[in-house]
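Per-entry structural report
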Amino acid sequence: MTVTIYDVAREAGVSMATVSRVVNNNPNVKPQTRKKVFEAIERLGYRPNAVARGLASKKTTTVGVVIPDISNAIFAEVARGIEDIANMYHYNIILCNADKRKDKEIRVVNTLLEKQVDGLLFMGGTVTEEHLQAFKSANVPIVLCATTDEHGSMPSVDIDHESAAFDAVSALTGAGHRRIAMISGTLQDPSNGYARFQGYRRALEAAGIPYDESLVRVGNYRYESGVEAMKYFLELDERPTAVFAATDEMAIGAIHYIQDFGLRVPEDVSVISVDNTRMASMVRPQLSSVAQPMYDIGAVSMRLLTKLMKKERVDQLRVILPHELITRQSVAAAH
């Protein structure tokens, strides 16, 4: 049989209100009484009913997190930052994988809202009008994490993706490269895709290098699309001397194809990317990459959400965290 708060109160010889105060860490309970209640809880194996407590307080102390690809190391690091801050403020996490599919993202958001979460963190790609409609129907705070909406209407925490790409490509132009290819993410994605593409173009323009659309291939952020893009580039009559990939995973695919083709990185082709996942230092040569502070993005997003859920003062609803170029062995001077 289920042990209730009434059973604990009877066992400890106190009122149900006293048991409730003990369970909820209310300081207004004598140490001796608190000890009696905890002993009764242990003897009976009582577990507080979170659903009942949520109905009474109209709070579930639960936060929904929508993650686009649970197998991606980047999002795992963001989730770790979220979890650490959630634990600090005594929130539980419901983590949902959306497979980077818009229909599933919206379905998952609605499911989490039906579960009466107190707030929601959304990591995804393109934030469409359909997403915004789903968000507007929510009566709880929502923060975009490692992404932003096109109009900047939602609270968000991210980096400046255009600036990150600009810094990466500028490292190549600074090394004397002029024929620089790009393996892009989908250009419908405003951050990883389009913003990084814009950063690439801006860096070329700053270096006085004409844009050549034949040197851009759109990938899907995965290793295999990096391989396919590099295969295309090496079959051109005039090969690129350097490649900028929008993610580490695509960059590593490019490095491996260059090596399989019989060329060397960076002696024949330099490669650089954005993300700086653990894989960047595992590949040989080690990959130069612009680091996103993924743990911090998760932690700051969760902290912002806690403030919104508690209706505390928030000075900044759109937070841009700094990025950093990490130079390793995959870039050499042009010759």
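Residues numbered from 1 in each chain as written. Predicted model: local features only at pLDDT ≥ 70, side-chain atom pairs only at ≥ 80, totals over all residues. Heavy atoms only, no water.

Here the focus is the confidence of the model for the chain. When pLDDT is averaged along the chain, the result is 90, and 96% of the positions lie at 70 or above. Mean pLDDT values over the elements of the chain span from 52, in helix H4 (residues 50–57), up to 98, in strand S8 (residues 242–245). (pLDDT = per-residue confidence, 0-100. Helix = DSSP H or I, 4+ residues; strand = E, 2+ residues; numbered from the N terminus.)

Bringing the packing of aromatic side chains into the picture now. Tallying each qualifying case throughout the model produces 6 aromatic pairs. An angle of 65° between the planes, with centres 5.4 Å apart, marks the rings of Phe-122 and Phe-135 as edge-to-face. Pair noted here: Phe-122 is in strand S3 (residues 119–122) and Phe-135 is in helix H7 (residues 129–136), with a separation of 13 residues, a long-range link. Of the two residues examined, Phe-122 and Phe-135, each falls in the buried class. Three or more aromatic residues joined by ring pairs make a cluster, and in this case those are Tyr-194, Phe-197, Tyr-200 and Tyr-211. (Phe/Tyr/Trp six-rings, centres within 6.5 Å; stacked < 30°, edge-to-face > 60°. Buried < 20%, exposed > 50% of the residue type's maximum accessible area, 1.4 Å probe, protein only.)

Residues Tyr-200, Met-230, Phe-244 and Met-302 are the most contacted members of the largest nonpolar core, which totals 71 residues. Looking at this core, you find at least three residues from each of domain 2 (60–157 + 292–322) and domain 3 (159–290). Here Phe-244 is in contact with Ala-165, Ala-168, Val-169, Leu-172, Ala-181, Met-182, Ile-183, Arg-196, Tyr-200, Ile-272, Ser-273 and Val-274, once residues within four sequence places are set aside. Within the second largest apolar cluster, 20 residues are counted, among which are Ala-98, Val-117, Val-140 and Met-154. (Core = buried A, V, L, I, M, F, W, Y, C linked by side-chain atoms within 4.5 Å. Domains from an automatic or database assignment. Contact = heavy atoms within 4.5 Å.)

Moving on to the packing of helix H5 (residues 73–88) against helix H13 (residues 294–309). Direction vectors running N to C along H5 and H13 enclose 40°, while the axes themselves pass 7 Å from each other. Classified by the angle their axes make, H5 and H13 are oblique. Note on packing geometry: the crossing formed by H5 with H13 is right-handed. Here Ile-74, Glu-77, Val-78, Arg-80, Gly-81, Ile-82, Asp-84, Ile-85 and Ala-86 of H5 lie close against H13, whose contacting residues are Met-294, Tyr-295, Gly-298, Ala-299, Met-302 and Arg-303. Counted by class, the contact of H5 with H13 contains 9 nonpolar, 2 polar and 4 charged residues. (Axes fitted to C-alpha atoms, helices over the stretch in contact; angles between N-to-C directions. Parallel < 35°, antiparallel > 145°, perpendicular 65-115°, else oblique. Left-handed = near helix turned anticlockwise from the far one by under 90°. Nonpolar A, V, L, I, M, F, W, Y, C, P; charged D, E, K, R; others polar.)

Side chains of S8 alternate between two faces, with Ala-242 and Phe-244 and Val-243 and Ala-245 buried alike. Bridge count between strand S6 (residues 180–184) and S8: 4 bridges; the pairing is parallel. Directly across from Ile-180, in S8, lies its bridge partner Ala-242. Pairing of S8 with strand S9 (residues 270–275), which is carried by 4 bridges, proceeds in the parallel orientation. Within S9, the position partnered with Phe-244 by the bridge is Ile-272. With respect to chirality, the unit in which S8 leads through helix H11 (residues 248–260) into the neighbouring parallel S9 is right-handed. (Pairing = 2+ DSSP bridges. Right-handed = clockwise from strand over helix to strand, strands pointing away.)

Further remarks concern the pairing of S3. Neither face of S3 is open: one carries Gly-119 and Leu-121, the other Leu-120 and Phe-122, and all of them are buried. Where strand S1 (residues 62–67) and S3 come together, 4 bridges link them in parallel fashion. Residue Gly-64 lies in a different strand from S3, and its bridge partner there is Leu-120. Looking at chain direction, S3 and strand S4 (residues 142–145) are connected through 3 bridges and run parallel. Its bridge partner being in S4, Phe-122 is matched across the sheet by Leu-144.

Here we come to the sheet that holds strand S12 (residues 324–326). In spatial order, the strands read S7-S6-S8-S9-S10-S12; together these 6 strands make up an open sheet with mixed pairing. On the outer flanks of this sheet lie strand S7 (216–218) and S12, each paired with one strand and no other. In this sheet, adjacent strand axes meet at a mean angle of 15° when their direction is disregarded. Here helix H10 (residues 223–234) sits on the sheet and contacts S6, S7 and S8; the angle it forms with S6, its principal contact strand, is near 150°.

If you trace the 6 strands from one edge of the open sheet to the other, you get S2-S1-S3-S4-S5-S11, paired in parallel fashion. One side of each edge strand has no neighbouring strand; the edge strands of this open sheet are strand S2 (92–97) and strand S11 (318–320). Strand after strand, the sheet turns through a mean of 15° between neighbouring axes, direction not considered. Sheet topology note: the S1/S2 ladder contains 6 bridges and is parallel. Along S2, the bridge assignment pairs Ile-67 with Asn-97.

Turning next to a nonpolar patch on the surface. Residues Leu-187, Tyr-194 and Val-218 make up a contiguous nonpolar surface patch of about 260 Å² in total accessible area. Here Leu-187 is to be found in the loop between S6 and helix H9 (190–206). Residue Leu-187 is classed as partly exposed on the basis of its relative accessible area of 32%. (Patch = residues over 30% accessible without salt bridge, like charges linked within 9 Å, V, L, I, M, F, W, Y side chains within 5 Å. Areas by Shrake-Rupley, 256 points an atom, 1.4 Å probe, with all protein chains shown as cover. Salt bridge = Lys/Arg side-chain N within 4 Å of Asp/Glu carboxyl O.)

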